[in-house]
Amino acid sequence: MSEPKRFKRESTLFEHLPNELFVEIFGYLNGVDAVYAFSQLNIRFQCLLNYYVNNFDFKSVSKAKFNYITQLHDIHRWRSLCLSNDDNTPGQIKYFSQLFPPNEYIHQLESLTVLHMKPENAQEFLLQIRSLNNLVSLSIGLICGLNIQSMELPSLKRLVLTSCKHTYWIKNFHCLKSLQYTIEYNCNHNQNLIFPITLKYLKIFYEEGRDGNALRTILQQMSQLTRLALYDNARYSPMPNGKIWEELIQSSLPLLNTFQFFFPFDQYLNISSDLNQTIESFSTPFYLFEKHWFIRCDRSSKSLFMGAIYSLPFAFSRMIINTCSFDMSISTLPISDFDEIKSNYYTRVNTIVFNQECKVPHVGFLSSNIVDLILKVNLPTSWIYLLTKLRHLRIIADMQMSSADFIRLLERAPNLQSLTISIIQLKILTDKFTNQIVCHQLSQQIQSLTISHHYSDIPNLGIVSVRLLCSLVRIFSKKCQHLSLALMAHPNTVRPILRRMRQLRSLHIQWRHVYIGVDDPVAYWLQQQSTDPTALDFVHTNDKNDLFVWFGNRF
């Protein structure tokens, strides 16, 4: 059979496949990918897409693809939508809302996810979604609820919220059964926590020193809870007390059958006897025999005042390493279940934060799928072999890692694509951008680069000179799709340099308050850019020092 006929026959067989098979395939795909792949083939596929594809997740989608999808598909048919203002899609929420006002286009939604929203935009957005009476699931953040009026979403059963402690506006969600709440401590106004009392599942990320007592007070009113998960994000916390939680559960939470927690501790006043008493408080008949709730305490003989106590199996995606070794770790798990720790108890962990330089990982991490690594101390070489699935690396402290060790890390992490690092640290690891092996490896892997401030407690981006910017462009222009950094140069100097990064889909620049020949560099930049939502590139700013660009000509 000739080549042309063979290919023609395969194409015909594809056309003969039943609709049911394509509908099943669409069910495994994000609607963005399904529409992008199958649109404009023929009327049959267009009808299948319109009727059966209704879940759209626009995280990390290029602006060109975003425009393509929203122009081809009927938004009124969508049932699930995810929008995000992350580094790869800056301003996406505002862009969508300008083109397709939520109260007009998405009133039929059953699931809505809105990520990385600016608090100043939350009030207006929430006003537009008040009419979403079919909404069952809502994920939203970041929000300051100080000036947000109470609202009703009559069908809402699941809420994932990142917000300050002003949660009064959710008190009338009378059908709400599940709440995952991350307290963002960005609001100076004090406020008592308020939750709907209908909740059956509650998961909270908080700081014990600030809100531990307030949290236990409100839990006394939540008698319908069947699952409770608590994650203490504090850097310094006291020893947890299992007896307090036992008494609270017995008196106020009679239906609770699952209690999951992560309680780090870091107190110089702790002594060995205090730690033993803490472990004993989680080893009572109530925990071990009545509820079958088991814990592990990670600690080191070199620093007994630091460590963490958490429930097993580990219930969270983020693990904080708060001890320099696991040589004194102990668990209340029965000896017969010890093998379970090795294979199943840490499978949810995908993010590890190193607060202490822990030399050897304990055996439970062998089953973890680490995709996100945050280094506040040096990374011991014994951990590198666990990083085969690593995608995001954030270095937020001075490290003594050599270029050779950094090369070994890059080689062991072939999926690494996102790097957050200070310019000082990057110069050290690349030998001032002269180490060809390191620079080549970075150019082949990194798709997202954020230059952070050298001091980890300062949220601003790190300042890069024009000379160093040229070095960054030389190394990262091949594959880098996102760039975040701070500059002190005139916009006319920066433009031609950044044009060499032809793969960029998004850009974030902070201009510092220094003399660069122009009073308002963002406004100067915008003089040659359109902020109209139909323009090729979407450009927006939070203030006169922050510029965000979502480029529109790259798929």
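Now for a quick tour of the structure. Being a predicted model, the structure only gives us computed values, none of them experimental.

When helix α17 (residues 466–476) is considered as a whole, its buried residues turn out to be Leu468, Leu469, Ser471, Leu472, Val473, Ile475 and Phe476. The inward-facing, buried residues of α17 contact α15 (423–429), α16 (436–445), β18 (448–452), β19 (463–464), β20 (482–487) and α18 (491–498).

This brings us to the nonpolar core. One finds Phe58, Leu112, Leu179, Phe195, Leu202 and Leu230 to be the most contacted residues of the largest nonpolar core, which totals 84 residues. Residues contacting Leu230, with those up to four places away along its chain left out, are Ile204, Tyr206, Leu215, Trp245, Phe259, Gln260, Phe261, Phe262, Phe263 and Phe316. If you look at the next biggest cluster of nonpolar residues, it comprises 83 residues, including Tyr345, Cys439, Leu485 and Leu504.

Turning to the pairing of strand β4 (residues 137–143), a few remarks are in order. Within β4, 7 of the 7 residues are buried, leaving the element largely enclosed by the surrounding structure. The pairing of strand β3 (residues 111–115) with β4 spans 4 bridges and is parallel. Pairing of Ser111 across the sheet is with Ser137, part of β4. For the crossover from β3 across helix α8 (residues 119–128) to β4, the handedness is right-handed. Taken together, the 6 bridges between β4 and strand β5 (residues 158–163) define a ladder with parallel strand orientation. Residue pairing across strands places Leu138 opposite Leu159, the latter belonging to β5.

What follows is about the side chain of Ser484. Along the chain, the position of Ser484 falls in strand β20. Taking the relative accessible area as the measure of exposure, Ser484 reaches 2% and is therefore buried. For Ser484, the side chain forms a polar contact with the side chain of His482, separated by 2.6 Å. Sequence-distant contacts of Ser484, defined by excluding residues within four places in its chain, comprise Asp87, Leu449, Thr450, Ile451, Leu461 and His508.

Time to look at the environment of Phe262. Among the structural elements, Phe262 can be located in strand β9 (residues 258–266). Exposure remark for Phe262: the relative accessible area of 0% places this residue in the buried category.

Turning our attention to the pairing of strand β7 (residues 201–206). In summary, the side chains of a regular strand alternate between the two faces of the sheet. In terms of burial, β7 is largely enclosed, as 6 of its 6 residues are buried. With burial as the criterion, each face of β7 is covered, one bearing Tyr201, Lys203 and Phe205 and the other bearing Leu202, Ile204 and Tyr206. Bridging between strand β6 (residues 178–183) and β7 involves 5 bridges; their strand directions are parallel. Bridge pairing in β7 links Ser178 to Tyr201. Sheet analysis places β7 next to strand β8 (residues 227–232), joined by 6 bridges and oriented parallel.

Gly141 connects to Leu142 through a cis peptide bond whose omega is 10 degrees. Here Leu142 lies in strand β4. With an omega of -5 degrees, the peptide bond between Leu312 and Pro313 qualifies as cis. Relative to the helices and strands, Pro313 resides in the loop between β11 (303–312) and β12 (318–321). If you check the backbone angles, Gln40 has positive phi at about 60 degrees while not being a glycine.

Where helix α5 (residues 63–72) contacts helix α6 (residues 92–99), the axes come no closer than 13 Å and their chain directions differ by 30 degrees. With respect to each other, α5 and α6 are oriented roughly parallel. Considering how the two elements wind past one another, α5 and α6 form a crossing that is right-handed. Counted together, Lys63, Phe66 and Asn67 of α5 and Gln92, Tyr95 and Phe96 of α6 form the full contact between these two elements.

This paragraph deals with the pattern of salt bridges. Here the structure, examined in full by the defined rule, presents 9 salt bridges. Between Lys243 and Glu246 there is a salt bridge; the shortest N-O distance is 3.9 Å. With Lys243 and Glu246 both in helix α10 (residues 242–252), this residue pair falls 3 residues apart, about one helical turn. Taking the relative accessible area as the measure of exposure, Lys243 reaches 40% and is therefore partly exposed. Residue classification places Glu246 among the buried residues on the basis of a relative accessible area of 7%. We note a salt bridge from Glu357 to Lys359, for which the minimum N-O separation is 3.1 Å. The exposure class assigned to Glu357 is partly exposed, which follows from its relative accessible area of 27%.

Moving on, we get to the side chain of Glu207. Within the secondary structure layout, Glu207 lies in the loop between β7 and α9 (208–219). Within the structure, Glu207 has its side chain in polar contact with the side chain of Arg210 (distance 3.1 Å). Every residue in contact with Glu207, bar those within four places of it in the chain, is listed here: Tyr185, Gly212, Asp232, Asn233 and Ala234.

What follows concerns the packing of aromatic side chains. Within the structure shown, the criterion is met by 39 aromatic pairs. Taken together, a centroid distance of 5.6 Å and an interplanar angle of 65 degrees make the contact between Phe66 and Trp550 edge-to-face. Taken as a pair, Phe66 in helix α5 and Trp550 in strand β23 (residues 546–550) lie far apart in primary sequence, 484 residues in all. Classification of Phe66 as buried rests on a relative accessible area of 0%. Each residue in the set Phe56, Phe58, Phe66, Trp78, Tyr95, Phe96, Phe100, Tyr105, Phe538 and Trp550 is aromatic and connected to the rest through ring pairs, giving one cluster. In this arrangement the basic side chain of Lys65 is found over the ring face of Tyr36, its NZ or CZ atom lying 4.5 Å from the centre.

Conventions used here
Residues numbered from 1 in each chain as written. Predicted model: local features only at pLDDT ≥ 70, side-chain atom pairs only at ≥ 80, totals over all residues. Heavy atoms only, no water. Buried < 20%, exposed > 50% of the residue type's maximum accessible area, 1.4 Å probe, protein only. Helix = DSSP H or I, 4+ residues; strand = E, 2+ residues; numbered from the N terminus. Contact = heavy atoms within 4.5 Å. Core = buried A, V, L, I, M, F, W, Y, C linked by side-chain atoms within 4.5 Å. Pairing = 2+ DSSP bridges. Right-handed = clockwise from strand over helix to strand, strands pointing away. Polar contact = N/O pair within 3.5 Å; in protein donor to acceptor, adjacent residues only side chain to side chain. Axes fitted to C-alpha atoms, helices over the stretch in contact; angles between N-to-C directions. Parallel < 35°, antiparallel > 145°, perpendicular 65-115°, else oblique. Left-handed = near helix turned anticlockwise from the far one by under 90°. Salt bridge = Lys/Arg side-chain N within 4 Å of Asp/Glu carboxyl O. Phe/Tyr/Trp six-rings, centres within 6.5 Å; stacked < 30°, edge-to-face > 60°. Lys NZ or Arg CZ within 6 Å of the ring centre and 35° of its normal.

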